[in-house]
Amino acid sequence: MGFDTSGLLPLSDALQGMLEQLACCCDSEQLPLPAALGRVLASDIASPLAVPPFDNSAMDGYAVRLADLAAGTPLIMAGKAFAGQPYQGEWPAGHCVRIMTGAPVPAGTDAVVMQEETLADGDRITFLAQPEPGQNIRRAGSDIGKGACVLPAGTRLTPREMPLLASLGVATVAVRRPLKVAIFSTGDELKPVGAPLAHGDIYDSNRYGVRAMLARMGCDCLDLGIIPDDPAQLRAAFIRADAEADVLITTGGVSVGEADFTKQLLDELGEIGFWKLAIKPGKPFAFGRLPRAWFFGLPGNPVSAMVTFDQLVQPALAKLAGQRFERPLQLQAITAEPLKKSPGRLDFQRGILSQGPNGLEVRSTGSQDSAVFSSLSRANCYIVLERERGRVAAGETVTVEPFGGLLL
Ligand code: AMP
Ligand code: MG
């Protein structure tokens, strides 16, 4: 694949190397707005309307002309304007119009005075404060101008975007079809949940983690189950995944030793690079292409599989799905305890971030062995320790990345 695999590959190089090769592979389709939740916009949405579409009142109160107020005498109420029922009568000098929130302001209105700043005696309204010009009027187009880009292509539609699009009268949207991702776990020792375990067996946990993350990303998942360490069965699974999906993600069998026939098969079927990444957890990682589909081979250790998916596969899948992707914020925190670390790899330790008396504080979840899954489930952030950093003493400042998106 044109990468130097002699040494350990930095995460940023691996990411850049992958992203440069990938492009969106999902066609677009037109869907009714409610059905588009979770989908990725295929094109920019330009507003067909000004929002709000007309000048309207931000308060329940009285629409006034400043010249009428200048006399300092009470104004007579000429009539009422409701949301959906504009005032259409005459508006003689010395009069005001009772107006409700959202009602169009009558032509000539300079300001709306909120009800609480008035005294009403029948139809005679006394104004207790002098309004500023434009006060409590929401101007047409002040939120969104007609034709303005409200959402760029690549936006994944969440509940926050639905009312925005509805407010513009958008009934259907062009969205990408979901990315189709085949997955399987490799290993003779793996059993699905619900099956009894023989001595030496373990439950296949990775597939459940990977499936959950794919669901969060809005991908369609083709789950091919557990494939034993058997070349014929592996070959059949690779061929099926390649025929039916855009992407194949496997876990296990990419480290040295056991990886050998996986590597042999993949070399024969496609063009796959086996990388040793300079990150911990997650050293072994494979990336490349089968005849049709892209391939990601995650390490077998459960924590490594989750972390490499989160850090490397997630941005790659987002690009294939046409989705704009931003990593979660990184923050600075004080570590409340020493952290074990040796120089050489970028560490994604699992931590618990909390608000301390002097700002953000982070603690380790305990053993950082990549087979210790509880370290991930108790954590609410990564503690990201730079590649060349050694042991960290209590009280030092460290970078933390709170779990968002996939791992929350
Ligand atoms: P491998 O990369 O296949 O050599 O696996 C490394 C370690 O991860 C071994 O201890 C495996 O038993 C374990 N492992 C591999 N796949 C899974 C899986 N799907 N679920 C849980 N553990 C796994
Ligand atoms: Mg294995």
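For the structure, check the block above.
A brief structural summary. Everything numeric in this text was worked out from a predicted model, so none of it was measured.

**Concerning the state of the cysteines**
Throughout the structure, instances matching the rule amount to zero disulfides. In this structure C25 is a free cysteine whose sulfur lies 4.3 Å from that of C26, the closest cysteine sulfur available. Its relative accessible area of 31% is what places C25 among the partly exposed residues. Just so you know, C219 is unpaired, no disulfide at all, and the nearest cysteine sulfur is the one on C26, 8.1 Å from it.

**Structural notes on the environment of W294**
Among the structural elements, W294 can be located in strand 21 (residues 294-298). On the basis of relative accessible area, W294 is assigned to the buried category, the value being 9%. Separated by 97 residues in the primary sequence, W294 and R391 have C-alpha atoms spaced 38 Å apart. Excluding anything up to four places from it in sequence, W294 contacts Q21, L22, D246, V247, L248, F287, G288, R289 and L320.

**Describing the packing of helix 4 (residues 206-217) against helix 7 (residues 302-321)**
Contact pair helix 4 / helix 7: the axes reach a minimum separation of 10 Å and the direction vectors enclose 25°. Overall, the two elements helix 4 and helix 7 adopt an arrangement that is roughly parallel. Every pair of crossing elements has a handedness; the one defined by helix 4 and helix 7 is right-handed. Only P302, A305, M306, F309, Q314, L317 and A318 of helix 7 make contact with helix 4, whose side of the interface consists of N206, G209, V210, M213, L214 and M217. Residues that form the contact of helix 4 with helix 7 fall into these classes: 10 nonpolar, three polar and no charged.

**Details of the sheet that holds strand 6 (residues 95-99)**
With mixed pairing, the six strands of this open sheet are ordered in space as 7-4-6-5-9-8. In the strand order of this sheet, the two ends are held by strand 7 (111-114) and strand 8 (118-121), each with one partner. Averaged over all neighbouring strand pairs, the angle between strand axes comes to 40°, with direction disregarded. Across four bridges, the pairing between strand 4 (residues 61-64) and strand 7 is antiparallel. Its bridge partner being in strand 7, V64 is matched across the sheet by A111.

**Examining the packing of helix 1 (residues 11-21) against helix 7**
Geometry of a packed helix pair, given as the angle between the helix axes and the separation of the axes. As a packed pair, helix 1 and helix 7 sit with axes 10 Å apart at the nearest point and diverge in direction by 20°. Viewed along their axes, helix 1 and helix 7 adopt a mutual orientation that is roughly parallel. For helix 1 against helix 7, the interelement crossing comes out right-handed. Facing L11, A14, L15, M18 and L19 of helix 1, the residues of helix 7 in contact are Q311, L312, P315, A316 and K319. Looking at the contact of helix 1 with helix 7, its residues break down into eight nonpolar, one polar and one charged.

**A few points about the pairing of strand 25 (residues 381-385)**
In terms of burial, strand 25 is largely enclosed, as five of its five residues are buried. Alternating residues of strand 25 divide into C381, I383 and L385 and Y382 and V384, and every residue in both groups is buried. Alignment of strand 23 (residues 346-356) against strand 25, held across five bridges, turns out to be antiparallel. Bridging from a neighbouring strand, D347 pairs with L385 of strand 25.

**Some details on the environment of D267**
Within the secondary structure, D267 sits in helix 6 (residues 260-269). On a C-alpha basis, the gap between D267 and Q21 in space is 18 Å, while along the polypeptide they are 246 residues apart.

What counts and how
- Here the residue index of a chain counts from 1 through its sequence in written order.
- Written order decides the labels, with chains lettered from A and ligands numbered from 1.
- Local features are withheld for residues below a pLDDT of 70 in this predicted model, meaning they are given only at 70 or higher, and side-chain atom pairs are given and counted only at 80 or more; totals for whole chains, interfaces and linings count all residues.
- Heavy atoms throughout the structure, all of them, feed into the side-chain values; hydrogens and water do not.
- Cysteine sulfur atoms are paired as a disulfide whenever they come within 2.5 Å of each other.
- Classification of residues uses two cut-offs on accessible area relative to the type maximum, computed with a 1.4 Å probe and protein chains only: under 20% is buried, over 50% is exposed, and between them is partly exposed.
- Starting at the N terminus, helices and strands are each numbered in turn, a helix being any DSSP run of H or I of at least four residues and a strand any DSSP run of E of at least two.
- We call two residues in contact when some of their heavy atoms are within 4.5 Å.
- Between N-to-C directions, angles span 0 to 180 degrees; the directions come from axes that are lines fitted to C-alpha atoms, helices contributing only their stretch in contact.
- Here roughly perpendicular refers to angles of 65 to 115 degrees, roughly parallel to angles under 35, roughly antiparallel to angles over 145, and oblique to all remaining angles.
- Take the far helix as the reference: if the near one is turned anticlockwise from it by less than a right angle, the crossing is left-handed, and if turned clockwise, right-handed.
- Just so you know the grouping, Ala, Val, Leu, Ile, Met, Phe, Trp, Tyr, Cys and Pro go in nonpolar, Asp, Glu, Lys and Arg go in charged, and all remaining residues, Gly too, go in polar.
- Only when DSSP finds a minimum of two bridges between them are two strands counted as paired.

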